[in-house]
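# Residue-level structure breakdown
Listed here are the chains, written in short residue letters.
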Amino acid sequence: MLAALDDALAPLAAAIGRRLGETREPGPVSAFDLISGACGVGAHLLTHDPHGILPEILAGLVTLAREQEPPAWMTPAHLMGDETMSRLHPHGALDCGLAHGIPGPLALLSLALRAGIEVPGQADAVRRIADWLVAHRAGDDWPAFVPLTGEGRPGRSASSRSAWCYGTPGVARALWLAAQALDDGLLGEVALEAMDAVLRRPAELRAIPSPTFCHGVSGLLHIVLRFAGDTGLFRQAAAELVDELLAAYQPERPLAYASLEPQGNSVDRAGVLDGAAGVVLVLLAAATDVEPAWDRLFLLS
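Residues numbered from 1 in each chain as written. Predicted model: local features only at pLDDT ≥ 70, side-chain atom pairs only at ≥ 80, totals over all residues. Heavy atoms only, no water.

An unreviewed UniProt entry lists the protein under the name Lanthionine synthetase, with Spongiactinospora gelatinilytica as the source organism.

In structure tokens form, the structure reads like this:
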């Protein structure tokens, strides 16, 4: 079965890489992002690539990160996803979320470099993306989007939630992986300082009321656990986040943990991304010494 799946995925993955490399017009984030695009496919291939397709994905992402203004990974207004986002960003925007934006390519390109898988221009692409993200930090935070002006230049941006999907934690982890790939201590310090700023912020100001992974406490906790494992820092913060998750336990609900959606309604879901399974995996990672290799799904290791 696995061999059949590998055979089916290989030509599709190769086509994704080629399209990225050949496309000259900006497109939707789904062409390259982690949730539904090239980065998600690449995350899998970085773990299991019997047909040797990953270099094609990496080459496409290197092309996406080429030096130009505005960046090739900008999203035009009509492809922002909904009418509200299009109105908010009439000239297009640059997505800064690990789930859908440029931190995803940064993380994948960096992890591949660390694994010894490199295509021409890859290290330069990592440096270019990392420098762009550092330059567009807004105070102690990274925004969800950097809007473009009528001249195609980045405008002012607002801060985001402190989550895996959008905000400082996901961006900081991608920058940390880039720092390791480039052996850049200063870039690593930027990532650590950013995480420290998140963890010094009162919990109620982090804008992550849900206990789940994508945009909730579990995602932040798991990133903190990864940083703690790499550096020995933030262990007290991890313990406090564990307590926060345990306090959110609701045994009367069907799955004990409900996803709190941005609109405020609670939904019982079983999945990893925004359901109870993700919460349980993170609690297991916090409570045991078993390597949580599953987090390659989220480009965290």
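### Considering the overall build of the protein
This is how the line gets drawn: In this description a helix means any DSSP run of H or I spanning at least four residues, a strand means any run of E spanning at least two, and both kinds are numbered starting from the N terminus. Residue exposure (1.4 Å probe, protein chains only): buried if accessible area is under 20% of the type maximum, exposed if over 50%, otherwise partly exposed. Residue contacts are defined here by distance: any two heavy atoms, one from each residue, within 4.5 Å place the two residues in contact. His residues and chain termini do not enter the charge count, which takes Lys and Arg as positive and Asp and Glu as negative. Charged groups are reduced to one reference atom each: NZ for lysine, CZ for arginine, CG for aspartic acid, CD for glutamic acid.
Of the regular secondary structure elements, the protein holds 11 helices and 4 strands. With the C-alpha coordinates of the protein rotated into their principal frame, the extents come out at 50 × 50 × 40 Å. Here the protein, with 301 residues, has 51% of them falling under the buried criterion. Restricting to contacts in the protein with at least 6 residues of sequence separation, those with at least 24 account for 63%. Of the side chains in the protein, 21 bear a positive and 35 a negative charge, and the two mean positions are spaced by 3 Å.

### As for empty space enclosed by the protein
Selection criterion: A cavity here means a set of 1 Å grid points, computed over protein atoms only, where a 1.4 Å probe fits but cannot escape. A pocket is an open set with protein on both sides within 12 Å along at least 5 of 7 lines, and lining residues have an atom within 4 Å of a point. Grid points are joined across faces, edges and corners, and a volume is the space filled by probe spheres set on the points. All residues other than Ala, Val, Leu, Ile, Met, Phe, Trp, Tyr, Cys, Pro, Asp, Glu, Lys and Arg, Gly among them, are scored as polar; the first ten of these are nonpolar and the last four charged.
In this structure the tally under the stated criterion is 1 cavity of 30 Å³ or more. In this structure, the largest cavity encloses a volume near 50 Å³. Those elements giving two or more residues to the lining of the largest cavity turn out to be helix 1 (2–22) and helix 2 (38–47). Broken down by element, the residue count for the lining of the largest cavity peaks at 3 residues, all from helix 1. Here the residues of the lining of the largest cavity sort into 5 nonpolar, 3 polar and 2 charged.

### A few points about the domain arrangement of the protein
Note the threshold: For the domain bounds, the source is a domain assignment made automatically or taken from a database. Buried area counts how much accessible surface, traced with a 1.4 Å probe, disappears from two parts once they are put together, with both parts' losses summed. Criterion for a salt bridge: a side-chain nitrogen of Lys or Arg within 4 Å of a carboxyl oxygen of Asp or Glu.
Assigned domains within the protein: domain 1 (1–207) and domain 2 (212–300). Placing the centre of domain 1 and that of domain 2 at their C-alpha centroids yields a distance of 22 Å. Of all residues in domain 1, Trp164, Arg173 and Leu199 bury the most surface against domain 2, accounting for 34% of the area lost on that side. Linking domain 1 with domain 2 are 1 salt bridge. The residue Arg173 makes a salt bridge to Asp230 at a minimum N-O spacing of 2.9 Å. Where the side of domain 1 that touches domain 2 is concerned, the elements lending two or more residues are helix 2, helix 5 (103–114), helix 7 (168–182) and helix 8 (185–200). Ranked by the residues each element gives to the side of domain 1 that touches domain 2, the list is headed by helix 7, at 6 residues.

### Regarding the nonpolar core
The following threshold applies: By convention a nonpolar core is built from buried Ala, Val, Leu, Ile, Met, Phe, Trp, Tyr and Cys residues, the set being connected through side-chain atoms within 4.5 Å.
By size, the foremost hydrophobic cluster in this structure holds 91 residues, and its most contacted members are Ile57, Leu61, Leu106, Leu133, Trp164 and Leu175. Each of domain 1 (1–207) and domain 2 (212–300) gives at least three residues to this core. When near neighbours in sequence (up to four residues on either side) are disregarded, Leu175 contacts Leu106, Ala130, Leu133, Val134, Trp142, Leu187, Val190 and Ala191.

### Some words on the UniProt feature "binding site: Zn(2+)" (unreviewed entry) in the protein
Inclusion rule: UniProt positions are given in the numbering used here, feature names are shortened, and annotations may be inferred rather than shown by experiment.
As recorded in UniProt, the sites labelled "binding site: Zn(2+)" (unreviewed entry) are Cys165, Cys214 and His215. Spatial clustering of the annotated residues is evident: they stretch over 51 residues in sequence, but the largest pairwise C-alpha distance comes to 5.9 Å. Relative to the helices and strands, Cys214 resides in the loop between helix 8 and helix 9 (217–231). Note on Cys214: relative accessible area 13%, which makes it buried. Not counting the four nearest positions on each side in its chain, Cys214 is found in contact with Ala163, Trp164, Cys165 and Leu273.

### Topic: the side chain of Arg173
Turning to its location among the elements, Arg173 is positioned in helix 7. By relative accessible area, Arg173 is classed as buried at 3%. The residues contacting Arg173, other than those within four sequence positions of it, are Ile223, Arg226, Phe227, Asp230 and Leu300.

### Re the pattern of salt bridges
Using the criterion set out here, one finds 11 salt bridges in the structure. Residue Arg253 pairs with Asp268 through a salt bridge whose shortest N-O separation is 2.9 Å. Note that Arg253 is positioned in the loop between helix 10 (235–247) and strand 3 (259–260) and Asp268 in the loop between strand 4 (266–267) and helix 11 (276–287), a separation of 15 residues in sequence. What makes Arg253 partly exposed here is its relative accessible area of 23%. Classification of Asp268 by relative accessible area gives partly exposed; the value is 32%. Here Arg269 and Asp274 are joined by a salt bridge, their closest N and O atoms 3.7 Å apart. For Asp274, a relative accessible area of 23% gives the class partly exposed. One salt-bridge network, held together by shared partners, links Arg127, Asp131 and Asp184.

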